[in-house]
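# Geometric and topological summary
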Amino acid sequence: MENRRVVITGLGALSPLGNDVSSTWDGMKNGRSGIGLIGSMDTTDYAVKIAGEVKGFDPKPFFKTPKDARRMDRYAHLGIAAAKMALDDSGLNEAEIDRNRVGVMLGSGIGGLGTLEDNHTALLQKSPSRVSPFTIPMMISNIASGVFSIEYGFGGPNMAIVTACATANHSIGEAWRMIKFGDADAFVAGGSEASIRPMGLAGFMNMKALSTRNEDPTAASRPFDVGRDGFVMGEGAGVVVIEELEHAKARGANILAELSGYGLSADAYHLTSPHPEGDGAARCMDMALKHAGLNAEDVQYVNAHGTSTPQGDVCESKAIQKSFGAWANDGLVVSSTKSMTGHLLGAAGGVELLACLMAMRDGVIPPTINLDDQDPNCPLDYCAHTAREMEVKAALSNSFGFGGHNASLLITKFL
């Protein structure tokens, strides 16, 4: 089955930079920050008061009735909306296809945290009878994937992977694998997250994982910079439609790129810290290159996981050097779009694959903003401050999650 090639034919996203693909990409390539003071909850008692929120989003147009929308958590609102955008972009739903050969893989790192919080409060402050009967289906991380398949009658493989911040990349990568293996002809795959909630914020805050640069929100996410002090929470969704090449060509699909490689590994090291030498991440990138049949110098751009944490940025830089060898310092361009979006957790990989696809389409590498004083322990070319015009024939996107979960996706220009 290895000769089954997989291409990307649709793209959908919501992010702190905008509520669709074009506005998100416009923000990225123009170096605009989507980080600000949190407006969705009271942060009076919190040391962290900033995040990357999706603003002005109304889920109702993406559901058949307002009641249907009310019975979904915000993470599902975002995920299903992005999935519908991707499906519309692909034209797959309008084509004559076997719907039992179309799978759905919409994951979330945390799932319905808001639903859990609200109903736990009702349980403690009122009574068990005040807990919504929809609590469980609203809360669980697989429901967006299930609901989407129900609405469109997609009867192929359906799962929801949960690997923290590697969720979206694993979802897209495992969908790629199932298409290559012949178990499906197409997939709607990606991730969503909506964890800017009291428990989510307090949990990450008390781990000392978050930036406390509240006085200057747009400068808070600063990957690879000496002054970085943690990541900034974000929310959103990024979803793609991927298809077996002949299936896409038979229906006249617009092919955005080829999904050529996928790598995954475990650090097998620590609960939350990356391997200090980047061993697991390097093996992950090596696997993606191997699957794609590419050498290091064939890749022009890496969209780094680049969270803006003191440890993580150094470890990833070491991993890139380990995997790409001399090319890491002699021509490879790296950037972290988290400098603009914040960290979208389980949705990060989907939105960052968007950055790779658009960089390839437009010949523009999005910048790492706020990189004012580059950490000498991060010695690569991170495309500081402003976008760079450059032909991109192959791009790799990294996502690494708590628990030591690593996932890399590699796309190539479709010729």
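Note that the coordinates shown come from a computational prediction; the quantities given were computed from them, not determined experimentally.

Cut-offs used in this document
- Residues numbered from 1 in each chain as written.
- Predicted model: local features only at pLDDT ≥ 70, side-chain atom pairs only at ≥ 80, totals over all residues.
- Heavy atoms only, no water.
- Disulfide = S-S within 2.5 Å.
- Buried < 20%, exposed > 50% of the residue type's maximum accessible area, 1.4 Å probe, protein only.
- Phe/Tyr/Trp six-rings, centres within 6.5 Å; stacked < 30°, edge-to-face > 60°.
- Helix = DSSP H or I, 4+ residues; strand = E, 2+ residues; numbered from the N terminus.
- Lys NZ or Arg CZ within 6 Å of the ring centre and 35° of its normal.
- Expected span 1.5 Å × (residues − 1).
- Contact = heavy atoms within 4.5 Å.
- Polar contact = N/O pair within 3.5 Å; in protein donor to acceptor, adjacent residues only side chain to side chain.
- 1 Å grid on protein atoms, 1.4 Å probe; cavity = no way out; pocket = protein on both sides within 12 Å on 5 of 7 lines; lining within 4 Å.
- Points joined across faces, edges and corners; volume = space filled by probe spheres on them.
- Nonpolar A, V, L, I, M, F, W, Y, C, P; charged D, E, K, R; others polar.
- Pairing = 2+ DSSP bridges.
- Axes fitted to C-alpha atoms, helices over the stretch in contact; angles between N-to-C directions.
- Salt bridge = Lys/Arg side-chain N within 4 Å of Asp/Glu carboxyl O.

### Considering the state of the cysteines
The final tally for this structure, using the stated rule, is zero disulfides. Unpaired in this structure, Cys356 has its nearest cysteine sulfur neighbour in Cys383, at a distance of 12 Å. Under the relative-accessibility criterion, Cys356 is labelled buried at 1%.

### Some points on the packing of aromatic side chains
As enumerated under the stated definition, the model contains eight aromatic pairs in all. Each ring, one from Tyr152 and one from Phe154, has its centre 5.7 Å from the other, and the planes form 15 degrees; the classification is stacked. Since its relative accessible area comes to 15%, Tyr152 is described here as buried. Where Trp176 meets Tyr262, the ring centres are 6.0 Å apart and the plane angle is 70 degrees; that geometry is what we call edge-to-face. On the criterion of sequence distance, the pair formed by Trp176 in helix α7 (residues 167–181) and Tyr262 in strand β8 (residues 257–266) is long-range, its members being 86 residues apart. One residue, Lys84, lies across the ring of Phe63, its end atom 6.0 Å from the ring centre.

### Some details on helix α10 (residues 279–292)
Here α10 contains 14 residues, and its C-alpha end-to-end distance of 20 Å stays within 8% of the 20 Å for a straight helix at 1.5 Å per residue. Along α10, the residues classified as buried are Gly280, Ala281, Ala282, Cys284, Met285, Ala288, Leu289 and Ala292. Tucked into the core, α10 has its buried residues touching β8, α11 (310–324), β13 (394–401) and β14 (405–412). Gly293, located one to two residues past α10, shows a positive phi value of around 70 degrees.

### With respect to the side chain of Ser90
Relative to the elements of secondary structure, Ser90 occurs in helix α3 (residues 74–90). Judged by relative accessible area, which is 6%, Ser90 ranks as buried. A polar contact is formed between the side chain of Ser90 and the backbone nitrogen of Leu92, at a distance of 3.0 Å. Not counting the four nearest positions on each side in its chain, Ser90 is found in contact with Thr9, Gly10, Val241 and Arg251.

### What to know about α11
Counted at 1.5 Å a residue, the expected span for α11 with its 15 residues is 21 Å, and the 22 Å between its end C-alpha atoms agrees. For α11, the elements touching its buried residues are α10, β9 (301–303), α12 (327–330), β10 (333–335) and β13. Phi for Gly325, located one or two positions after α11, is positive at around 60 degrees.

### A closer look at the layout of surface pockets
Think of a ball as big as a water molecule: rolled over the atoms, this probe shows where empty space is left. Estimated volume of the largest pocket: approximately 590 Å³. Every residue lining the largest pocket is counted, 36 residues in all, and those nearest its centre are Thr272, Pro274, Thr309, Gly312 and Phe402. Elements with a contribution of two residues or more to the lining of the largest pocket: α11, β13 and β14. In terms of residue count, the dominant contributor to the lining of the largest pocket is α11 (six residues). Class assignment for the residues of the lining of the largest pocket results in 13 nonpolar, 18 polar and five charged.

### Concerning the side chain of Ser308
You can see Ser308 is positioned in the loop between β9 and α11. Within the structure, Ser308 has its side chain in polar contact with the backbone nitrogen of Arg222 (distance 3.0 Å). Not counting residues up to four positions away in its chain, the partners in contact with Ser308 are Ala220, Ser221, Arg222, Pro223, Arg228, Asp229, Gly230, Phe231 and Asp313.

### Examining the sheet that holds β13
Strands in a sheet are paired, the pairing made by backbone hydrogen bonds, and the direction either parallel or antiparallel. An order of β5-β4-β6-β7-β1-β8-β14-β13-β9-β10 is seen for the ten strands of this open sheet, with the pairing classed as mixed. Of all the strands in the sheet, the pair left with one neighbour each is β5 (158–159) and β10. With eight bridges connecting them, β8 and β14 associate as antiparallel partners. Considered in β14, the bridge of Ser265 is made with Asn406. Where helix α14 (residues 348–362) meets the sheet, it contacts β1 (6–14), β7 (236–244), β8, β9, β13 and β14, and its direction lies at approximately 165 degrees from that of β13.

### Some thoughts on the pattern of salt bridges
A side chain with one charge can pair with a side chain of the opposite charge if their charged atoms come near. For the coordinates displayed, the defined rule picks out 21 salt bridges. Note that Asp185 and Arg101 form a salt bridge whose closest N and O atoms lie 2.9 Å from each other. Separated by 84 residues along the polypeptide, Asp185 in the loop between α7 and β6 (186–193) and Arg101 in the loop between α3 and β4 (102–107) bring together distant segments of the chain. Assessed through its relative accessible area of 24%, Arg101 is described here as partly exposed. Among the salt bridges present, the one from Asp313 reaches Arg228, with a minimum N-O distance of 3.3 Å. Here Asp313, found in helix α11, pairs with Arg228, found in the loop between α8 (198–206) and β7; they are 85 residues apart in sequence, far enough to count as distant. What emerges from the salt-bridge pattern is a single network uniting Arg4, Arg101 and Asp185.

### Describing the environment of Thr337
You can see Thr337 is positioned in the loop between β10 and α13 (338–341). For Thr337, a relative accessible area of 1% corresponds to the buried category. The spatial distance from the C-alpha of Thr337 to the C-alpha of Thr386 is 12 Å, given a sequence separation of 49 residues. The residues contacting Thr337, other than those within four sequence positions of it, are Met28, Asn303, Glu352, Ala355 and Pro366. A distance of 3.3 Å separates polar atoms of two side chains, one belonging to Thr337 and the other to Asn303.

Interpretation note: all reported values are geometric properties and have no functional meaning in isolation.
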